[in-house]
Amino acid sequence: MRKSAEEARRTRDRIVEVAVTQASSLGLSGLTIGGLAGALDMSKAGIVGPFGSRTDLQLAALERAVGMFTEAVVAPGRAAQPGLPCLRAVIDAWCAYLADSPFPNGCFVTAASCELDGQPGELRARLHDAVTRWRRFLAEQIAAAQAAGDLDPELDPEDLVSMLSGLAMAANQEIQLLGDDRAAARAHRLMRSALANHRPGPAV
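So, how was this worked out
- Residues numbered from 1 in each chain as written.
- Predicted model: local features only at pLDDT ≥ 70, side-chain atom pairs only at ≥ 80, totals over all residues.
- Heavy atoms only, no water.
- Helix = DSSP H or I, 4+ residues; strand = E, 2+ residues; numbered from the N terminus.
- Buried < 20%, exposed > 50% of the residue type's maximum accessible area, 1.4 Å probe, protein only.
- Contact = heavy atoms within 4.5 Å.
- Areas by Shrake-Rupley, 256 points an atom, 1.4 Å probe, with all protein chains shown as cover.
- Lys, Arg positive; Asp, Glu negative; His and termini not counted.
- Charge placed at Lys NZ, Arg CZ, Asp CG, Glu CD.
- Phe/Tyr/Trp six-rings, centres within 6.5 Å; stacked < 30°, edge-to-face > 60°.
- Lys NZ or Arg CZ within 6 Å of the ring centre and 35° of its normal.
- Expected span 1.5 Å × (residues − 1).
- pLDDT = per-residue confidence, 0-100.
- Axes fitted to C-alpha atoms, helices over the stretch in contact; angles between N-to-C directions.
- Parallel < 35°, antiparallel > 145°, perpendicular 65-115°, else oblique.
- Left-handed = near helix turned anticlockwise from the far one by under 90°.
- Nonpolar A, V, L, I, M, F, W, Y, C, P; charged D, E, K, R; others polar.
- Polar contact = N/O pair within 3.5 Å; in protein donor to acceptor, adjacent residues only side chain to side chain.

(A) Up close: the overall build of the chain. Along its length, the chain carries nine helices and zero strands. When its C-alpha atoms are laid out on the principal axes, the chain stretches across 70 × 40 × 30 Å. Looking at the 204 residues of the chain, the share that counts as buried comes to 39%. For the chain, long-range pairs separated by at least 24 residues make up 65% of all intrachain contacts whose partners lie at least 6 apart in sequence. Carbon together with sulfur atoms contributes 52% to the accessible area of the chain, which is approximately 10,800 Å² in total. With 21 positive and 24 negative side-chain charges, the chain shows a spacing of 5 Å between the two charge centroids.

(B) Structural detail: unusual backbone geometry. For D41, which is not a glycine, the phi torsion comes out positive at approximately 55 degrees. Counting through the fold element by element, D41 comes out in the loop between α2 (33-40) and α3 (44-48).

(C) Structural detail: the packing of aromatic side chains. Inspection of every chain in the model, using the stated rule, returns five aromatic pairs. Plain terms: the ring middles of F69 and Y97 are 5.2 Å apart, the flat faces sit at 85 degrees to each other, and that makes the pair edge-to-face. A residue pair is termed long-range when its members are at least 10 positions apart, and F69 in helix α4 (residues 54-78) and Y97 in helix α5 (residues 84-99) qualify at 28 residues. Neither F69 nor Y97 differs from the other in exposure class; each is buried. A centroid spacing of 5.0 Å and a plane angle of 90 degrees characterise the contact between W94 and W134, whose relative ring orientation is edge-to-face. Placement of W94 in helix α5 and of W134 in helix α7 (residues 122-147) is noted, with a sequence separation of 40 residues between them. The class of W134 is buried, set by a relative accessible area of 12%. Through pairs of rings, three or more aromatic residues link up here, namely F69, W94, Y97, W134 and F137. Just above the ring of F137 sits the side chain of R78; from NZ or CZ to the centre is 5.6 Å.

(D) Quick peek at α5. For α5, built from 16 residues, the straight-helix expectation of 22 Å at 1.5 Å per residue is met to within 8% by its first-to-last C-alpha distance of 23 Å. Listed in full, the buried residues belonging to α5 are L84, C86, L87, A89, V90, I91, A93, W94, C95, Y97 and L98.

(E) Spotlight on the confidence of the model for the chain. Here the chain averages 93 in pLDDT, while 97% of its residues score no lower than 70. Per-residue pLDDT, averaged within each element of the chain, yields its smallest value for helix α1 (residues 2-26) (88) and its largest for α5 (98).

(F) Layout of the packing of helix α6 (residues 108-116) against α7. At a closest axis distance of 10 Å, the pairing of α6 and α7 adopts a crossing angle of 135 degrees. Regarding the angle of α6 to α7, the classification is oblique. α6 and α7 meet at a crossing whose hand is left-handed. Residues V109, A112, S113 and L116 of α6 form the contact with α7, whose own contacting residues are L123, R124, L127 and V131. The class makeup of the residues in the contact of α6 with α7 is six nonpolar, one polar and one charged.

(G) Main features of the side chain of S113. Relative to the assigned elements, S113 resides in helix α6. For S113, a relative accessible area of 19% puts it in the buried group. A distance of 2.7 Å separates a polar atom in the side chain of S113 from the backbone oxygen of V109. Once residues within four sequence positions are removed from consideration, S113 is found in contact with L127 and V131.

(H) Here's a closer look at the environment of D92. As for its position among the elements, D92 is in helix α5. Residue D92 is classed as partly exposed on the basis of its relative accessible area, which comes to 32%. Separated by 16 residues in sequence, D92 and P76 have C-alpha atoms that sit 8.9 Å apart. A polar contact of 3.2 Å, which involves the side chain of D92, links it to the side chain of R192.

Listed below in structure tokens is the structure:
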């Protein structure tokens, strides 16, 4: 029984791994049971079995991609001190992730956001929650930096979150669409400049 459960887990993980790769190229809506069955040399029933439905398979692929982003970008920030040290660690990891993405078509979350933003449903809701958590994490670190006196207390944290997110999305497009090998380094420089430009000014 234990061996059977372990084999089932490995099969599920293998399916999700290939599903994430295919969804990065084809989009979550382009992820099909037949396509996965062909890629994995499995029956369609064998693909659906561990998940129950195509939607659950798509959700599993999305969760895996979000988990990979969290491990690559958020975890280094959490390992640093809260506030400015965390933000700097996140920016370093974020731009490295953009430069050397584990996905064929760049940042999975960015691509999925463009794909799903106008498509109500469970996939969009799950992605919305993930992006909301990420933005809240950034805003909390900005607020911590303000409390420590490292960033301008008058700054609206959401303004800086939008600026950093916009730079990352622009870099992803420049890398993937325009083939600009300087894009990640540019984003890194501009993100670091955004932090520096919002340091507290001298008292008047």
